[in-house]
There are 2 protein chains.
Amino acid sequence: MSIEAVDFFYLSMPVVEDIGDGSQDALVVRVVADGVEGWGECEASPLVSIANLVCPMSHSACRSPLDAVLGHSIDSPADIHTINRRVREIGLDIAQTGHTLSGIDIALWDLLGRRQSRPVYELLGYPRAYPKRPYASQLFGDNPQQTLEKGRAMRQAGFTAVKFGWGPFGRDLTADRDHLAAAREGVGPDIELLIDAGTVWVDDVSLAAQRIEHLQAIRAGWLEEPFVGTAIHAYGELAARRSTVPLAGGEGAGHPDLARQLIDFGGIKVVQIDTGRIGGITPAKTIADYARAKKIRYVNHTFTTHLALAASIAPYAGLSEFDLCEYPVEASELASHLTLERLSPDPNGLVQLPAAPGLGLTPNPATLKKFLKNVEIRVDGNIIYSTPNI
Amino acid sequence: MSIEAVDFFYLSMPVVEDIGDGSQDALVVRVVADGVEGWGECEASPLVSIANLVCPMSHSACRSPLDAVLGHSIDSPADIHTINRRVREIGLDIAQTGHTLSGIDIALWDLLGRRQSRPVYELLGYPRAYPKRPYASQLFGDNPQQTLEKGRAMRQAGFTAVKFGWGPFGRDLTADRDHLAAAREGVGPDIELLIDAGTVWVDDVSLAAQRIEHLQAIRAGWLEEPFVGTAIHAYGELAARRSTVPLAGGEGAGHPDLARQLIDFGGIKVVQIDTGRIGGITPAKTIADYARAKKIRYVNHTFTTHLALAASIAPYAGLSEFDLCEYPVEASELASHLTLERLSPDPNGLVQLPAAPGLGLTPNPATLKKFLKNVEIRVDGNIIYSTPNI
């Protein structure tokens with residue numbers, strides 16, 4: 001069968017606030033081949049990736065992903081690998097390519113699984129999907145007391161690992177110390193406590209280093225994104241100080257090479273891949289294998305929907321040594337209700353991918369319709385994109 | 001004064017061919033402050049960066065560059081540095097940000113120079129602009145005889161350095177050997193002969209290594225882009241073989257960190273920066289300074305217009321040790337006629353930046369009008385972009 005359609009849907013909450021919550025909008029992807037649908041999601045600025053989908057050719061290495069997707073056969077995982085490689089080749093000079101490709105790649109895996117009545121993790125070569133231990137992923141409170149209460153709530157909800165990130169963190173050393181102590185007090189002594197600096201120090205190693213003793217004091221399980229994802233040298237310098245707090249990063253990687261460099265030259269001990277950015281499930285699996293070879297930890301990055309969550313767990317579903325998964329607990333209404341199914345923790349508190357065909361989750365048409373933005377792009381009067389029918 | 005307007009213009013040849021010629025379209029940027037105009041150019045997929053310019057906010061780190069530009073003061077170079085930093089911060093999660101920022105940054109330097117009646121190189125701290133020795137940059141011929149003739153033509157045109165790239169190169173070892181020999185025969189024994197593989201081997205070190213002896217045989221001045229710009233490990237492995245042919249790369253860098261990694265970990269000896277991609281003149285200057293500190297060679301990457309050429313020379317205009325500049329000789333009609341002025345080689349065959357205010361080149365309104373594409377983007381019925389008036 002060959003790919004007949006690639007449709008992008010821009011969803012948004014009615015009001016988008018200037019806060020670090022990435023679940024306020026979404027870019028949902030539908031691919032169709034031989035009457036079968038597959039669904040995916042880009043973790044991207046929706047309008048920018050829609051433009052990337054329909055952009056006219058600039059030259060042979062500056063072309064839309066569509067030119068490598070439409071009409072291509074989709075009968076086996078090898079087809080998806082070929083498409084992924086080809087999209088990179090013809091999209092080399094479009095910086096947005098990785099983000100745009102991601103949702104398409106995810107949807108293609110979902111479609112192939114549905115067509116073959118097999119879960120995606122099986123198509124990736126995994127005999128089974130191991131349950132993952134979810135860590136609750138949330139923003140710091142506005143003040144230490146709120147942080148404490150948020151930590152307590154997550155412990156009471158049964159999580160064995162909790163992450164705090166972004167918000168006020170990173171700007172004032174004393175406040176940071178208080179937030180960190182509050183976080184530990186809130187979750188109690190036994191829970192794995194993870195800290196996300198949200199790139200706040202950009203590439204300033206000294207600002208990050210000032211926090212290390214406080215992170216050690218609360219036995220932080222990792223320090224995530226002290227720097228922007230491109231600042232490999234800063235990661236490397238901080239890692240060379242050999243604190244007991246492992247560095248984590250990689251969510252910003254829009255290409256597997258960037259994640260690899262954070263491992264090889266940045267000294268991270270936890271690589272966090274967002275399948276919605278890196279180019280989809282295909283390169284995420286490459287990095288999961290690489291992490292295994294390098295004996296570092298792999299974990300998904302997901303802050304939004306359960307479709308994104310399933311897509312981000314699939315690449316390492318069959319690798320039992322990577323036991324943790326990020327689990328969004330503060331997603332917007334849009335993100336929380338995107339799919340008909342949810343990946344809720346089981347009675348043991350673990351998250352299990354469904355054994356259903358594909359990724360096993362389907363967008364709820366009512367949610368799509370409720371939050372859909374109607375976009376139209378014209379060039380010289382010709383409509384080259386308009387929001388497709390659901 | 002504060003920035004009142006940022007306008008993007010999408011220009012295109014009537015027919016865009018599926019070839020490696022990046023001059024077939026253009027994205028021209030105009031900024032306005034206090035009645036003064038500045039001009040720049042993004043080396044980007046025009047529609048994708050237009051969408052980036054007007055995209056609605058997704059969250060606090062996924063916002064349009066406009067939010068950091070409009071209304072900002074533009075009275076000194078420090079303002080441009082602040083804007084550049086802020087655009088990166090709010091655009092962190094939009095992969096296209098660097099490409100989009102580039103044209104804005106260039107236009108802001110031009111505007112500031114025009115306003116202060118000083119050339120951009122002076123604003124960058126250079127007392128003077130040293131003339132650069134242009135290398136003719138062109139594609140390989142379709143066959144070795146064509147390559148030979150193209151080489152001969154460039155020698156007769158007076159160039160002392162000539163580069164061949166892309167086209168058929170890299171796919172067949174014997175054909176490559178013949179093209180290389182033809183190139184040397186065409187330009188004669190004394191001309192600096194540079195070879196551009198155009199990322200053809202992606203990240204395959206062995207394919208690149210097979211060509212080294214042939215490159216040495218023709219005394220190639222460098223081997224450019226054997227791999228894609230993200231494949232730092234492949235660059236590093238090839239560099240470790242210590243051939244007499246220096247590696248060159250960096251044009252794909254959409255962020256200065258990526259260029260830095262090619263230097264630090266990729267072992268390149270020539271860093272080639274496209275100011276239209278890396279985020280503009282501001283980060284290009286950072287890399288020129290870094291190259292100097294690391295004692296490697298800096299050279300511009302420019303294959304399109306003379307506005308792009310001037311913007312790409314400015315960051316190293318005052319560094320006399322970096323004597324070479326890429327000089328497009330096969331640009332499209334659109335690119336060749338974009339500006340009223342041209343940077344033609346002087347009687348000594350050298351290229352000199354004008355001492356005029358700003359970058360010293362102004363787009364020709366007739367060319368803008370002739371090649372303009374009319375774009376309109378609507379979200380929920382509201383027009384958020386339409387091609388501005390020239």
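Keep in mind it's a predicted model, so treat the numbers as computed, not measured.

## Digging into the overall build of chain A
Moving on, step 1. A tally of helices and strands in chain A yields 14 helices and 13 strands.
Moving on, step 2. Relative to the compact-globule value of 21 Å for 390 residues, chain A shows a C-alpha radius of gyration of 20 Å, a close match.
Moving on, step 3. Reported as C-alpha extents along the three principal axes, the dimensions of chain A are approximately 60 × 45 × 45 Å.
Moving on, step 4. Considering only residue pairs separated by 6 or more positions, chain A has 73% of its internal contacts joining residues 24 or more positions apart.
Moving on, step 5. Surface accessibility of chain A: about 13,100 Å² in total, with carbon and sulfur atoms responsible for 48%.

## Concerning helix 3 (residues 77-90) of chain A
Helical geometry: 3.6 residues make up each α-helical turn, so side chains three or four residues apart lie on a common side.
Moving on, step 1. Between its first and last C-alpha atoms helix 3 of chain A spans 20 Å; for 14 residues at 1.5 Å apiece the expected length is 20 Å, and the two agree.
Moving on, step 2. Of the residues making up helix 3 of chain A, those classed as buried are Asp79, Ile80, Ile83, Asn84, Val87, Arg88 and Ile90 of chain A.

## Section: the relation of the copies chain B and chain A
Moving on, step 1. For the pair chain B and chain A, the best superposition has an RMSD of 0.0 Å and corresponds to a rotation of 180° with a translation of 0.0 Å parallel to the axis. Taken together, the rotation and translation describe the operation of a two-fold axis.
Moving on, step 2. Of the residues that chain B buries at the interface, 100% are likewise interface residues in chain A, meaning the two copies contact each other through the same surface.

## Topic: the packing of aromatic side chains
Residues and elements named next belong to chain A.
Moving on, step 1. This model, assessed by the stated rule, comprises 19 aromatic pairs over all chains.
Moving on, step 2. Pairing Tyr298 with Tyr316 gives two aromatic rings, centres 4.9 Å apart and planes at 55°, and the pair type is tilted. Within this pair, whereas Tyr298 is found in strand 10 (residues 297-300), its partner Tyr316 is found in the loop between helix 12 (306-313) and strand 11 (324-328), the two being separated by 18 residues in sequence.
Moving on, step 3. Every member of this aromatic cluster is reached through a ring pair, and the members are Phe140, Phe164, Phe169 and Trp201.

## Quick word on the sheet that holds strand 13 (residues 382-386) of chain A
Moving on, step 1. Ordered by their spatial adjacency, 4 strands build an open sheet running 13(A)-12(A)-12(B)-13(B), and the pairing between neighbours is antiparallel. Edge positions in the open sheet fall to strand 13 of chain A together with strand 13 (382-386) of chain B, since each of these has one partner strand only. Along the sheet, successive strands turn relative to each other by an average axial angle of 20°, direction set aside.
Moving on, step 2. Relative to strand 13 of chain A, strand 12 (residues 375-379) of chain A runs antiparallel, the two being bridged by 4 bridges. Directly across from Ile377 of chain A, in strand 13 of chain A, lies its bridge partner Tyr385 of chain A.
Moving on, step 3. Against the sheet, helix 1 (residues 46-54) of chain A engages strand 12 and strand 13 of chain A together with strand 12 (375-379) and strand 13 of chain B, with an angle of about 45° to strand 12 of chain A.

## Focus on the pairing of strand 3 (residues 36-42) of chain B
Residues and elements named next belong to chain B.
Moving on, step 1. Most of strand 3 is tucked away, with 6 of its 7 residues classed as buried.
Moving on, step 2. Sheet topology places strand 2 (residues 25-33) next to strand 3; 7 bridges connect them, and they run antiparallel. Within the sheet, the bridge partner assigned to Leu27 lies in strand 3 and is Cys42.
Moving on, step 3. Hairpin connection between strand 2 and strand 3: a loop of 2 residues separates the two successive antiparallel strands, and Asp34 in this loop has a positive phi of roughly 55°.

## Brief notes about the interface of chain B and chain A
Interface size is often expressed as the accessible area that is lost when the parts come together.
Moving on, step 1. The partner chain A presents 57 residues to the 57 residues of chain B that form the contact.
Moving on, step 2. Between chain B and chain A, the buried area comes to about 4,800 Å², and carbon and sulfur atoms account for 57% of it.
Moving on, step 3. Residues Asp380 of chain A and Lys373 of chain B are paired through a salt bridge, measuring 3.3 Å at the closest nitrogen-oxygen approach.
Moving on, step 4. At 6 residues, the largest contribution of residues to the side of chain B that touches chain A is made by helix 1 (residues 46-54) of chain B.
Moving on, step 5. For the side of chain B that touches chain A, the per-class residue count stands at 27 nonpolar, 17 polar and 13 charged.
Moving on, step 6. With 5 bridges connecting them, strand 12 of chain A and strand 12 of chain B associate as antiparallel partners. Its bridge partner lying in strand 12 of chain B, Val375 of chain A is registered against Val379 of chain B.

## Some details on the environment of Ala208 of chain A
All names here are of chain A.
Moving on, step 1. Examined against the element boundaries, Ala208 turns out to sit in helix 8 (residues 205-217).
Moving on, step 2. In sequence terms Ala208 and Leu238 are 30 residues apart; their C-alpha atoms lie 7.8 Å from each other.
Moving on, step 3. Other than its neighbours up to four places away in sequence, Ala208 contacts Trp201, Pro226, Phe227 and Leu238.

## With respect to the side chain of Gln138 of chain A
Moving on, step 1. Structurally, the position occupied by Gln138 of chain A is in strand 4 (residues 133-139).
Moving on, step 2. Not counting residues up to four positions away in its chain, the partners in contact with Gln138 of chain A are Lys150, Gly151, Met154, Val162, Lys163, Phe164, Gly165, Val329 and Glu330 of chain A.

## Some thoughts on the confidence of the model for chain A
Moving on, step 1. When the pLDDT values of chain A are averaged, the result is 96; 100% of them are 70 or greater.
Moving on, step 2. Per the prediction output, this complex has pTM 0.97; the corresponding ipTM is 0.97.

## Regarding the pairing of strand 2 of chain B
All names here are of chain B.
Moving on, step 1. In terms of burial, strand 2 is a largely internal element, 9 of the 9 residues being buried.
Moving on, step 2. Every second residue of strand 2 is oriented toward a common face, with Asp25, Leu27, Val29, Val31 and Ala33 on one face and Ala26, Val28, Arg30 and Val32 on the other, all of them buried.
Moving on, step 3. The sheet contact formed by strand 1 (residues 3-12) and strand 2 spans 9 bridges and is antiparallel. Considered in strand 2, the bridge of Leu11 is made with Ala26.

## Things to note about the state of the cysteines
Moving on, step 1. Across all of its chains, the model carries 0 disulfides over all chains by this definition.
Moving on, step 2. The thiol of Cys42 of chain B is not disulfide-bonded; the next cysteine sulfur, from Cys62 of chain A, is found 12 Å away.
Moving on, step 3. Given the relative accessible area of 3%, Cys42 of chain B is considered buried.

What counts and how
- Residues numbered from 1 in each chain as written.
- Chains lettered and ligands numbered in written order.
- Predicted model: local features only at pLDDT ≥ 70, side-chain atom pairs only at ≥ 80, totals over all residues.
- Heavy atoms only, no water.
- Helix = DSSP H or I, 4+ residues; strand = E, 2+ residues; numbered from the N terminus.
- Rg over C-alpha atoms; globule rule 2.2 N^0.38 Å.
- Contact = heavy atoms within 4.5 Å.
- Areas by Shrake-Rupley, 256 points an atom, 1.4 Å probe, with all protein chains shown as cover.
- Expected span 1.5 Å × (residues − 1).
- Buried < 20%, exposed > 50% of the residue type's maximum accessible area, 1.4 Å probe, protein only.
- Least-squares fit on C-alpha atoms with pLDDT ≥ 70 in both.
- Phe/Tyr/Trp six-rings, centres within 6.5 Å; stacked < 30°, edge-to-face > 60°.
- Pairing = 2+ DSSP bridges.
- Axes fitted to C-alpha atoms, helices over the stretch in contact; angles between N-to-C directions.
- Buried area = accessible area lost by both parts, 1.4 Å probe.
- Salt bridge = Lys/Arg side-chain N within 4 Å of Asp/Glu carboxyl O.
- Nonpolar A, V, L, I, M, F, W, Y, C, P; charged D, E, K, R; others polar.
- pLDDT = per-residue confidence, 0-100.
- Disulfide = S-S within 2.5 Å.

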